[in-house]
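# Close look at the chain arrangement
Listed here are the chains, written in short residue letters.
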Amino acid sequence: MELRIERLFKSYRKKEALQDVSFTLRKGIYGLLGENGAGKSTLMRMLATVDFPTKGRICYDKRDIFAVDETYRSLIGYMPQDYNVYPGFTATDFLEYMGALKGIPQKKLKDRISEVLEFVNLSDAADKKVKTFSGGMKRRIGIAQAIMNEPQILILDEPTAGLDPKERIRFSNIISDMGKDKIVLLSTHIVSDIEAIASELIVMKKGNVLETGAVDTLVQQVKGKVWEAVVSQETYHRLRKERSVIHLKQMEKDVQVCFVGEKYSDVKISQAEPTLEDYYIFAGGITESEKKVG
């Protein structure tokens, strides 16, 4: 099983949404990481055949996905970033509707709905209307419809947006169970979600792929470049202009700060163990304005 993206470009009038994007996906969970506007959703819409590339190819097992349209679509599950469900539907009504669209036989559909509702922990809400659902429950019904057809490829665009911490942990557990025999591509700009779920990473910025690789391997690139210190307010305001500040904690008079980059000679610092967020900031995965803290 292989999904190959080959020199993909996408233009909207004068805007280049994607520029020469290439990578290959095999079984496993991949995190697509980048700030808003990096091109993540554009890429995922094309992988789901909702949009078309300006140039380049997407191949599943060496066949162009747009040339084998229906065959490929039967293999994928897709949850877009902006996901709406008709509020008058119950969870069961909605999944019956989506199952019919996906061509699931009527004899199989009832059992499959029960299976996916149990999988996303919504069995108790099967007959409740979607308009009564919390944000987390709506996200989970979105995942349920995406897996109705038992897809080989699962494409999830910002699935944890708006979830509270408990819901995000529950979501992480759900997705982790899926990555053993599928290609799962998960897009987000929340670094901690990727770190909790994915083993492989694709980092995007302004329509380009900055880097791909195993999360642990990428994190090791910033080993020896992450520092912690307690500094005065004056020193902190100077330091934040010269280094990328990751975390800070206001103390009574001073500031406890963690930053990434070269040593800062004016303060007493200690080396910290790097995280994915440290790598992401060091690699330029966020904009300068996003680097400013406080």
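Keep in mind that this is a model prediction, so the values were computed, not measured.

## Structural notes on the nonpolar core
- Within the largest apolar cluster, 55 residues are counted, with the highest numbers of intra-cluster contacts made by L95, I141, I175 and L201.
- When residues of this core are assigned to their parent elements, the largest contribution, five residues, is made by helix α5 (residues 135–146).
- Setting aside anything within four residues of it in sequence, one finds I141 in contact with V85, A91, F94, L95, L117, L122 and F133.
- Counting 27 residues, the second-largest nonpolar core is a separate cluster that includes I5, L8, M44 and L47.

## Comments concerning the sheet that holds strand β12 (residues 244–250)
- Strand order in the open sheet made by the four strands is β12-β13-β11-β14, with antiparallel pairing throughout. Of all strands in the sheet, those with a lone pairing partner are β12 and β14 (269–271), marking the two edges. Looking at each pair of strands side by side, their axes are set apart by 20° on average, direction ignored.
- Direction of pairing for strand β11 (residues 226–232) relative to β14: antiparallel, over a ladder of three bridges. What sits directly across from W227, in β14, is Q271.
- Sitting on the sheet, helix α9 (residues 233–242) is in contact with β11, β12 and β13 (254–260), with an inclination near 140° to β11.

## Notes on the packing of helix α3 (residues 91–101) against α5
- Look at α3 against α5: their axes get within 10 Å of each other, and the N-to-C directions meet at 30°. When the axis of α3 is compared with that of α5, the two are roughly parallel. As α3 packs across α5, the resulting crossing turns out to be right-handed. Residue-level inspection shows A91, F94, L95 and M98 of α3 in contact with α5, the latter providing I141, A144 and Q145.
- Here the contact of α3 with α5 is built from residues that sort into six nonpolar, one polar and no charged.

## Notes on the sheet that holds strand β8 (residues 183–188)
- Pairing within the open sheet is mixed, and its six strands lie in the order β6-β7-β8-β3-β9-β10. Lying at the two open borders of the sheet, with one neighbouring strand each, are β6 (76–79) and β10 (208–214). Across this sheet, the average inter-strand angle for adjacent strands is 15°, counted without regard to direction.
- In this structure, strand β9 (residues 200–205) lies alongside β10, joined through six bridges in antiparallel fashion. Paired with K205 across the strands is N208, a residue of β10.
- Taken strand by strand, α5 contacts β6 and β7 (153–157), and its axis lies near 160° from that of β6.

## A look at the environment of A214
- Here A214 is to be found in strand β10.
- Judged by its relative accessible area of 26%, A214 is partly exposed.
- The sequence separation of A214 and L101 amounts to 113 residues, and the corresponding C-alpha distance is 36 Å.
- Residues contacting A214, with those up to four places away along its chain left out, are S199 and E200.

The rules we used
Residues numbered from 1 in each chain as written. Predicted model: local features only at pLDDT ≥ 70, side-chain atom pairs only at ≥ 80, totals over all residues. Heavy atoms only, no water. Core = buried A, V, L, I, M, F, W, Y, C linked by side-chain atoms within 4.5 Å. Buried < 20%, exposed > 50% of the residue type's maximum accessible area, 1.4 Å probe, protein only. Helix = DSSP H or I, 4+ residues; strand = E, 2+ residues; numbered from the N terminus. Contact = heavy atoms within 4.5 Å. Pairing = 2+ DSSP bridges. Axes fitted to C-alpha atoms, helices over the stretch in contact; angles between N-to-C directions. Parallel < 35°, antiparallel > 145°, perpendicular 65-115°, else oblique. Left-handed = near helix turned anticlockwise from the far one by under 90°. Nonpolar A, V, L, I, M, F, W, Y, C, P; charged D, E, K, R; others polar.

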